[in-house]
Amino acid sequence: MSRTNERHRVNDPQHPSTHEGTADEVVAPRSAQEVADDVVARVLARAGTTVHDGGTDRSSYDGDQLELEERASLRRIVGLSTELEDVTEVEYRQLRLEKVVLVGLWGAGTAQDAENSLRELAALAETAGSLVLDALLQRRRTPDPSTYLGSGKAAELATMVAAVGADTVIVDGDLAPSQRRALEDVVRVKVVDRTALILDIFAQHAKSREGKAQVELAQLQYLLPRLRGWGDSMSRQAGGQVGGAAAGMGSRGPGETKIELDRRRIRDRMAKLRREIAAMEPARVTKRASRKRNAIPSVAIAGYTNAGKSSLLNRLTGAGVLVENALFATLDPTVRRAEAADGRVYTLTDTVGFVRSLPHQLVEAFRSTLEEVADADLVLHVVDVSHPDPEGQIAAVRHVFADIPGAMDVPEVIVLNKADLADPAAIARLRSREPGAIVVSARTGEGIDELQALIADQLPRPGVSVDVVIPYDRGDLVSRVHLHGEIEAEEHTAAGTALRGRVDANLAAELASAAVRPA
């Protein structure tokens with residue numbers, strides 16, 4: 001690592017040379033490759049990555065964090081082999097860290113855009129359980145159709161992989177199956193692209209039955225066009241009475257290769273998973289219908305991964321969901337009850353995090369989960385204001401919203417989180433670009449009271465005015481008015497409880513049927 005960092009540190013502005021130069025000295029313009037080398041050096045230095053340095057900051061509102069013990073049951077350490085002679089002698093199964101080299105293309109956009117994308121890829125790789133050894137960034141307008149990088153850079157990458165002892169190359173983009181095979185033939189190690197990396201993280205973190213089925217479906221959709229066949233996999237399968245290559249019925253014709261059988265099995269499994277996911281949908285629909293029937297407003301928390309959505313949910317409701325300084329730490333949606341300052345009850349839903357270029361397989365597989373956003377009455381769009389590119393995060397999340405029918409029609413409140421870590425100039429810039437944005441810190445509690453007041457103001461109001469007297473034996477209706485309506489006046493009389501306020505249409509009809517008729 002020291003050799004690599006020194007090699008890339010030549011033009012790094014964070015490590016200036018001790019030679020000051022003179023005022024009349026002419027500074028030669030740097031080449032694109034020199035700028036790319038500077039970007040790589042800063043990424044390897046880990047300054048300002050998507051995952052903040054210093055571990056996870058938690059507050060008392062995050063609860064006991066019982067899921068952390070399960071998450072830590074697979075500990076990854078450097079240099080440990082997975083080949084254990086007797087696994088009963090150890091408490092935890094420990095996995096060897098994969099040693100990876102990152103590869104990125106700097107095409108359209110600025111060097112800062114390329115740096116942010118490569119930083120995020122490094123954070124994704126570390127979340128998946130990898131050790132980043134080196135990186136390569138090429139200034140290139142479009143990817144090479146053969147090896148993504150071109151023959152010269154691919155050969156340079158092979159030399160780098162051999163020098164640092166890496167066993168995996170991660171490409172910051174989507175690779176066609178032919179590009180992946182060609183690049184693997186050059187570098188002689190495993191090559192994965194950004195989509196495969198994200199799918200791997202989702203597979204590690206999915207906990208619920210529905211979440212696991214959704215992730216497996218997305219992985220199979222990705223795998224199907226990338227199956228490779230060689231040797232026995234390409235041999236023909238005989239059938240009929242012979243079961244072999246001898247002459248006779250069943251042996252005539254081309255037969256079916258093993259890779260074709262594998263594709264058929266994958267398609268069958270995908271069809272079964274789609275049926276299972278469809279069978280889980282009625283339970284979710286029933287819960288939504290129950291909330292709508294009781295006129296309980298719904299607020300969805302959405303945003304970029306690691307923006308602090310779960311921390312915000314814990315701060316607002318004390319839910320105690322998992323909080324971890326990692327990308328896609330929580331995948332399964334969590335719904336919790338909350339209460340506004342005026343006593344109205346509503347639900348808060350923590351949804352899956354988004355990322356730039358979110359794989360379309362995941363968007364399709366998690367569509368039922370993402371529909372929580374479209375069914376909400378209000379969306380809290382959480383943004384990590386301390387991130388180097390918060391505007392890019394906002395654009396990426398809204399791009400996914402556009403793929404969810406009805407999501408763009410839901411009122412949106414931009415919540416600028418992690419204000420305790422952010423530059424005040426960045427906060428001021430975003431507030432000017434996003435009118436109505438509110439600044440908070442889920443860790444310190446800054447701005448939480450203002451956010452709760454804003455939520456109460458944005459929640460839908462009951463639409464029917466009522467002025468009734470409810471008999472004392474129907475206290476359940478009075479309780480529902482307190483929970484789901486707005487009470488302007490309440491008085492206990494001899495005939496019953498006199499209420500004046502606003503409720504939804506269904507509750508208004510029940511109140512009218514149960515009300516005491518005037519004599």
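Just above, that's the structure.
Residues numbered from 1 in each chain as written. Predicted model: local features only at pLDDT ≥ 70, side-chain atom pairs only at ≥ 80, totals over all residues. Heavy atoms only, no water.

This part takes up unusual backbone geometry. Where the residue is not glycine, phi is negative for most of them; where a peptide bond is considered, it is trans in most cases. Positive phi, close to 75°, is recorded for Tyr 148, a residue that is not glycine. Phi at Asn 306 is positive, roughly 65°, even though this residue is not glycine. When its relative accessible area of 12% is taken as the criterion, Asn 306 is described as buried. (Buried < 20%, exposed > 50% of the residue type's maximum accessible area, 1.4 Å probe, protein only.)

Turning next to the environment of Gly 496. Tracing the backbone through its elements, the reader meets Gly 496 in the loop between β16 (486-492) and β17 (497-503). Considering only alpha carbons, one finds Gly 496 and Val 516, 20 residues apart in sequence, at a separation of 7.7 Å. Those residues in contact with Gly 496, other than ones at most four positions away along the chain, are Val 469, Ile 470, Pro 471, Tyr 472 and Glu 491. (Helix = DSSP H or I, 4+ residues; strand = E, 2+ residues; numbered from the N terminus. Contact = heavy atoms within 4.5 Å.)

Another point: the side chain of Arg 226. Within the secondary structure, Arg 226 is located in the loop between α8 (209-223) and β7 (236-237). For Arg 226, which is buried and forms no salt bridge, the nearest opposite charge comes from Asp 193, at a distance of 4.3 Å. Leave out the neighbours within four places in its chain, and Arg 226 touches Leu 175, Pro 177, Arg 180 and Asp 193. (Lys, Arg positive; Asp, Glu negative; His and termini not counted. Salt bridge = Lys/Arg side-chain N within 4 Å of Asp/Glu carboxyl O.)

What follows covers the environment of Pro 359. Structurally, the position occupied by Pro 359 is in the loop between β11 (345-350) and α11 (360-365). Spatially, the C-alpha atoms of Pro 359 and Ile 198 are 7.9 Å apart, while their sequence positions differ by 161 residues. Excluding residues that lie within four positions of it along the chain, Pro 359 makes contacts with Thr 195 and Ile 198.

Every α-helix carries 3.6 residues per turn, so stepping three or four residues along brings you back to the same face. Taking 1.5 Å of rise per residue, the 14 residues of helix α5 (residues 151-164) would be expected to cover 20 Å, and the 20 Å separating its terminal C-alpha atoms lies within 8% of that figure. One or two residues past the end of α5 sits Gly 165, with phi positive at roughly 75°. (Expected span 1.5 Å × (residues − 1).)

With that settled, the discussion passes to the pairing of β11. Remark: a regular strand shows side chains that alternate across the two faces of the sheet. Of all 6 residues in β11, 6 are buried, a share of seventy percent or more. Burial along β11 is two-sided: Val 345, Thr 347 and Thr 349 and Tyr 346, Leu 348 and Asp 350, pointing in opposite directions, are all buried. Sheet topology places strand β9 (residues 298-303) next to β11; 4 bridges connect them, and they run parallel. Among the inter-strand pairings, Val 299 is bridged to a residue of β11, identified as Leu 348. Strand direction decides the pairing type here: strand β10 (residues 334-339) and β11, joined by 6 bridges, are antiparallel. Bridge pairing in β11 links Glu 339 to Val 345. (Pairing = 2+ DSSP bridges.)

Now for the sheet that holds β16. In space, the 3 strands of this open sheet follow the order β15-β17-β16, with antiparallel pairing throughout. Of all strands in the sheet, those bounded by a partner on one side alone are β15 (464-470) and β16. For this sheet, the mean inter-axis angle between neighbouring strands, taken without regard to orientation, is 10°. In this sheet, β17 lies alongside β16 in antiparallel orientation, the contact comprising 6 bridges. By the bridge assignment for β17, Glu 486 is matched with Arg 502. Running over the sheet, helix α16 (residues 475-484) touches β15, β16 and β17 and is turned about 145° from β16. Sheet contacts for helix α17 (residues 505-514): β15 and β17; angle to β15, the most-contacted strand, approximately 30°. (Axes fitted to C-alpha atoms, helices over the stretch in contact; angles between N-to-C directions.)

Turning our attention to the packing of helix α7 (residues 194-205) against α8. Here α7 crosses α8 at 155°, and the two axes come no closer than 10 Å. The pairing of α7 with α8 is recorded here as roughly antiparallel in orientation. The handedness of the crossing between α7 and α8 comes out as left-handed. From α7, Thr 195, Ala 196, Leu 199, Phe 202 and Ala 203 reach across to α8, where they touch Val 215, Ala 218, Gln 219 and Tyr 222. Here the contact of α7 with α8 is built from residues that sort into 7 nonpolar, 2 polar and no charged. (Parallel < 35°, antiparallel > 145°, perpendicular 65-115°, else oblique. Left-handed = near helix turned anticlockwise from the far one by under 90°. Nonpolar A, V, L, I, M, F, W, Y, C, P; charged D, E, K, R; others polar.)

This part covers the pattern of salt bridges. The tally for this structure, following the rule as stated, stands at 20 salt bridges. Of the charged contacts, one joins Glu 115 and Arg 119 as a salt bridge, the two residues approaching to 2.3 Å between their closest N and O atoms. Residue Glu 115 and its partner Arg 119 are located together in helix α4 (residues 111-127), separated by 4 residues, close to a single helical turn. By relative accessible area, Arg 119 is classed as buried at 6%.

A separate point is the packing of helix α13 (residues 390-401) against helix α14 (residues 424-433). It is at 11 Å that the axes of α13 and α14 come closest, and there the two elements cross at 40°. Across the interface between the two elements, Pro 390, Glu 391 and Ile 394 from α13 touch Arg 429, Leu 430 and Arg 433 from α14. Here the residues of the contact of α13 with α14 are counted per class, giving 3 nonpolar, no polar and 3 charged.

This brings us to the sheet that holds β11. The strands that make up a sheet pair up through hydrogen bonds in the backbone, lying either parallel or antiparallel. Here 6 strands make up an open sheet; going across it, the order is β10-β11-β9-β12-β13-β14 and the pairing mixed. Two strands lie at the open edges of the sheet, namely β10 and β14 (438-439), each paired on one side alone. Bridge count for β9 against strand β12 (residues 378-384) is 5 bridges, and the pairing is parallel. When the bridges of β12 are listed, Ala 302 appears paired with His 381. Packing against the sheet, α13 makes contact with β9, β12 and β13 (412-417), and its axis sits at approximately 145° to β12.

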